[in-house]
Amino acid sequence: MIATTFTSLSPSAFDLQGHRGCRGLMPENTIPAFLKALDLGVTTLEMDVVISKDRQVVVSHEPYFNAAYSIGPDGQPVDKKDQKSRVLYQMNYADIRRYDVGSNGNVAYPEQQKLKVYKPLLSDVIEQAEAYRTAKNLSDFSYNIEIKSEPSEYNKSQPEPADFCDLVQTVIRKQLPTERVVIQSFDFAMLRHWKQQANAGKYPNVRLSALVENLRSFEKNIDELGFKPDIYSPYYRLLSHRKIDRLHEQGIKVIPWTVNQQDDMKRLKEWGVDGLITDYPDRAGSL
């Protein structure tokens, strides 16, 4: 295991986040990927969550079975033509778990290990990561949980914000201390609802991160959000040294996604980002 002196709970630490665990090396958003990321010294496990028909919080990037790597219970690869018909929100978790999302690998990530594995529940990810932390005597790390949401998909492939956030916060409240959790989303309605409920004392007062992929200024995005997020998390190519400085002047941390090349990692760190999200945590070891 690669040792690390970082801790994501220290304000001065550089926050190395393993994207979907470590998608470049292991099947994405799976327990083996998260444990491998911890071996590589990440300070935060980054993951995505969706909701099943039986209201379980499932770790998955898409709300359906992606044909790029999914194999059905019958042993046949999921066909791209019907992948979006296999909606997790219309399936109970017992049926979701029967799919293999690792044996085929992912051609976009040739270093990714092929491994028979399933989409886990958020509660199981936390349970196993915490057991691993204890067994390996690791420093505390954080969980950056992205609520995968599109307003056009409310009540189709996902619940509306209040219901979605309720389910996620219930898991977090049972299993994790507030200071070790970040909630992020591209859907600002999710972040606004979480903020309102936290202010009312009904949700854990976790750090909130605004995910951004549009070309608007950060001022316009924050104005739309309606409050200053703890973290501003844009696509890394949208950043400049000056933008990072201006966000820091507002007291907002900057953690871009998804940074996979070492030259980009080094440049962004020199510009002063507070961390980065990467598919390849192993490439950040020399930063």
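Just so it is clear, the model here is predicted, and its values are computed rather than measured.

Novice: I'd like to hear about empty space enclosed by the protein, residue by residue, with values.
Specialist: Throughout the structure, instances matching the rule amount to one cavity of 30 Å³ or more. Its boundaries defined by the atoms lining it, the largest cavity holds a volume of some 30 Å³. As for the largest cavity, its lining consists of E28, N29, T30, H61, Y69, V101, Y118, K119 and P120. Residue composition of the lining of the largest cavity, by class: four nonpolar, three polar and two charged.

Novice: Can you break down the environment of Q169 residue by residue, with the values?
Specialist: Within the secondary structure, Q169 sits in helix 4 (residues 161-175). Note: C-alpha distance between Q169 and A189 (20 residues apart in sequence) is 15 Å.

Novice: Please provide a residue-by-residue account of the pattern of salt bridges, values included.
Specialist: Under the criterion given, the structure shown has 16 salt bridges. Note that R23 and E28 form a salt bridge whose closest N and O atoms lie 4.0 Å from each other. Note on accessibility: R23 and E28 belong to one class, buried. Put simply, R216 and E224 hold a salt bridge, and the shortest N to O gap is 2.7 Å. Each of R20, R23, E28, D48 and D279 takes part in one network of salt bridges that share partners.

Novice: Quick one: what's the story with unusual backbone geometry, residue by residue and with numbers?
Specialist: Phi at R20 takes a positive value of approximately 55°, unusual for a residue other than glycine. Mapped onto the secondary structure, R20 falls in the loop between strand 1 (15-18) and helix 1 (31-39).

Novice: I'd like a rundown of the side chain of N106, residues and numbers included.
Specialist: Relative to the elements of secondary structure, N106 occurs in the loop between helix 2 (93-96) and helix 3 (122-136). Setting aside residues up to four positions removed in sequence, N106 forms contacts with A68, Y69 and Q112.

Novice: Please give an account of the layout of surface pockets that cites residues and values.
Specialist: In this structure, the largest pocket encloses a volume near 750 Å³. Along the wall of the largest pocket there are 36 residues; nearest its centre are E146, K148, S149, E150 and F186. Elements with a contribution of two residues or more to the lining of the largest pocket: strand 2 (44-51), strand 4 (142-147), strand 5 (181-185), strand 6 (207-212) and helix 6 (218-225). Of the residues forming the lining of the largest pocket, the biggest block, three residues, is contributed by strand 2. Taken together, the residues of the lining of the largest pocket break down into 12 nonpolar, 10 polar and 14 charged.

Novice: Account for the packing of helix 6 against helix 7 (residues 241-249), with residues named and values stated.
Specialist: Helices that pack against each other are described as a pair by the angle of their axes relative to one another and the distance between those axes. In contact at an axis separation of 11 Å, helix 6 and helix 7 are set at 40° when each is read in the N-to-C sense. Viewed along their axes, helix 6 and helix 7 adopt a mutual orientation that is oblique. The residues of helix 7 that touch helix 6, namely those facing F218, E219 and I222, are K243, R246 and L247. By residue class, the composition of the contact of helix 6 with helix 7 is three nonpolar, no polar and three charged.

Novice: Describe in detail the pairing of strand 6, supporting the description with residues and values.
Specialist: Among the six residues that make up strand 6, five are buried, leaving the element largely enclosed by the rest of the structure. In terms of strand pairing, strand 5 meets strand 6 through four bridges, oriented parallel. From the neighbouring strand, S185 faces strand 6, where its bridge partner is A210. As paired elements, strand 6 and strand 7 (residues 231-234) share four bridges and run parallel to each other. Each residue of the ladder has a partner; that of A210, found in strand 7, is Y232. Note that the unit made of strand 6, helix 6 and strand 7 has a crossover that is right-handed.

Novice: Break down the nonpolar core for me, with residues and values.
Specialist: L45, I183 and W194 are the most contacted members of the largest nonpolar core, which has 68 residues in total. Here W194 is in contact with I147, C165, V168, Q169, I172, I183, Y203, P204, V206 and L208, once residues within four sequence places are set aside. Counting residues in each nonpolar core, the second largest holds 14 residues, with A67, Y93, I96 and L121 among its members.

Novice: If you had to explain the pairing of strand 4 to someone new, which residues and values would you point to?
Specialist: The element strand 4 is extensively covered by neighbouring structure, given that six of its six residues are classed as buried. Residues S142, N144 and E146 point to one face of strand 4 and Y143, I145 and I147 to the other, with burial holding for every one of them. Relative to strand 4, strand 2 runs parallel, the two being bridged by six bridges. What sits directly across from L45, in strand 4, is Y143. Sheet topology places strand 4 next to strand 5; four bridges connect them, and they run parallel. In the strand pairing of strand 5, N144 is matched with V182. With helix 4 bridging strand 4 and its parallel neighbour strand 5, the resulting β-α-β unit is right-handed.

Rules behind the numbers
Residues numbered from 1 in each chain as written. Predicted model: local features only at pLDDT ≥ 70, side-chain atom pairs only at ≥ 80, totals over all residues. Heavy atoms only, no water. 1 Å grid on protein atoms, 1.4 Å probe; cavity = no way out; pocket = protein on both sides within 12 Å on 5 of 7 lines; lining within 4 Å. Points joined across faces, edges and corners; volume = space filled by probe spheres on them. Nonpolar A, V, L, I, M, F, W, Y, C, P; charged D, E, K, R; others polar. Helix = DSSP H or I, 4+ residues; strand = E, 2+ residues; numbered from the N terminus. Salt bridge = Lys/Arg side-chain N within 4 Å of Asp/Glu carboxyl O. Buried < 20%, exposed > 50% of the residue type's maximum accessible area, 1.4 Å probe, protein only. Contact = heavy atoms within 4.5 Å. Axes fitted to C-alpha atoms, helices over the stretch in contact; angles between N-to-C directions. Parallel < 35°, antiparallel > 145°, perpendicular 65-115°, else oblique. Pairing = 2+ DSSP bridges. Right-handed = clockwise from strand over helix to strand, strands pointing away. Core = buried A, V, L, I, M, F, W, Y, C linked by side-chain atoms within 4.5 Å.

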